[in-house]
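Here is how the chains run, residue by residue.
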Amino acid sequence: MPQVIKQTKRSELELIMEILQNTAEPIKKTRLLYLTRINFHQLDRYLSWLISKGLVKYVDEPFTGLQIAPKGMRFIKLIASAK
């Protein structure tokens, strides 16, 4: 019988942290979509917010994609120290 993996619902902060951690290296939006396991509209909404706050930025090298900004790195460290 196949094993069923039950996934618990993540909080918004957990999703934001996961997106930030996955953008440590330049990443394409589609790859980020698969890694975070959320739908396109959710990812688009989170990315819009993260970009508007300066936590994530668009990059052109080595390809057009997304990468965490220095402010995003500070955000991750702040949340990690708060836990």
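Attention here is on the structure that accompanies the text.

Rules used throughout
Residues numbered from 1 in each chain as written. Predicted model: local features only at pLDDT ≥ 70, side-chain atom pairs only at ≥ 80, totals over all residues. Heavy atoms only, no water. Salt bridge = Lys/Arg side-chain N within 4 Å of Asp/Glu carboxyl O. Helix = DSSP H or I, 4+ residues; strand = E, 2+ residues; numbered from the N terminus. Pairing = 2+ DSSP bridges. Expected span 1.5 Å × (residues − 1). Buried < 20%, exposed > 50% of the residue type's maximum accessible area, 1.4 Å probe, protein only. Arc of directions from axis to C-beta. Contact = heavy atoms within 4.5 Å. Phe/Tyr/Trp six-rings, centres within 6.5 Å; stacked < 30°, edge-to-face > 60°. Lys NZ or Arg CZ within 6 Å of the ring centre and 35° of its normal.

## Quick look at the pattern of salt bridges
Counted under the stated rule, the structure contains three salt bridges. With its nearest N and O atoms 2.7 Å apart, the salt bridge here joins Asp44 to Lys29. Residue Asp44 is located in helix H3 (residues 40-52), and its partner Lys29 is located in helix H2 (residues 29-36); the two are separated by 15 residues in the primary sequence. If you follow the salt bridges from partner to partner, you end up with Arg10, Glu18 and Arg37 in one network.

## Considering the pairing of strand S1 (residues 56-59)
Across four bridges, the pairing between S1 and strand S2 (residues 65-68) is antiparallel. Paired with Val59 across the two strands is Gly65, which belongs to S2. Hairpin connection, S1 to S2: the antiparallel pair is bridged by five residues.

## A closer look at helix H4 (residues 70-82)
Taking 1.5 Å as the rise per residue, H4 with 13 residues should run 18 Å; its terminal C-alpha atoms sit 19 Å apart, in good agreement. Along H4, the positions that sit buried rather than exposed are Gly72, Ile76 and Ile79. One side of H4 carries all its buried residues, which in axial view fall inside an arc of 70°. Exposed and oriented more than 90 degrees from the buried face of H4 are Pro70, Arg74, Lys77, Leu78, Ser81 and Ala82. Against helix H1 (12-22) and S2 lie the buried residues of H4.

## Section: the packing of aromatic side chains
Enumeration according to the criterion identifies zero aromatic pairs in this entry. Sitting over the ring of Phe63, Lys28 keeps its end group 5.4 Å from the ring centre. Over the ring of Tyr46 we find Arg45; its NZ or CZ atom is 5.0 Å from the centre of that ring.

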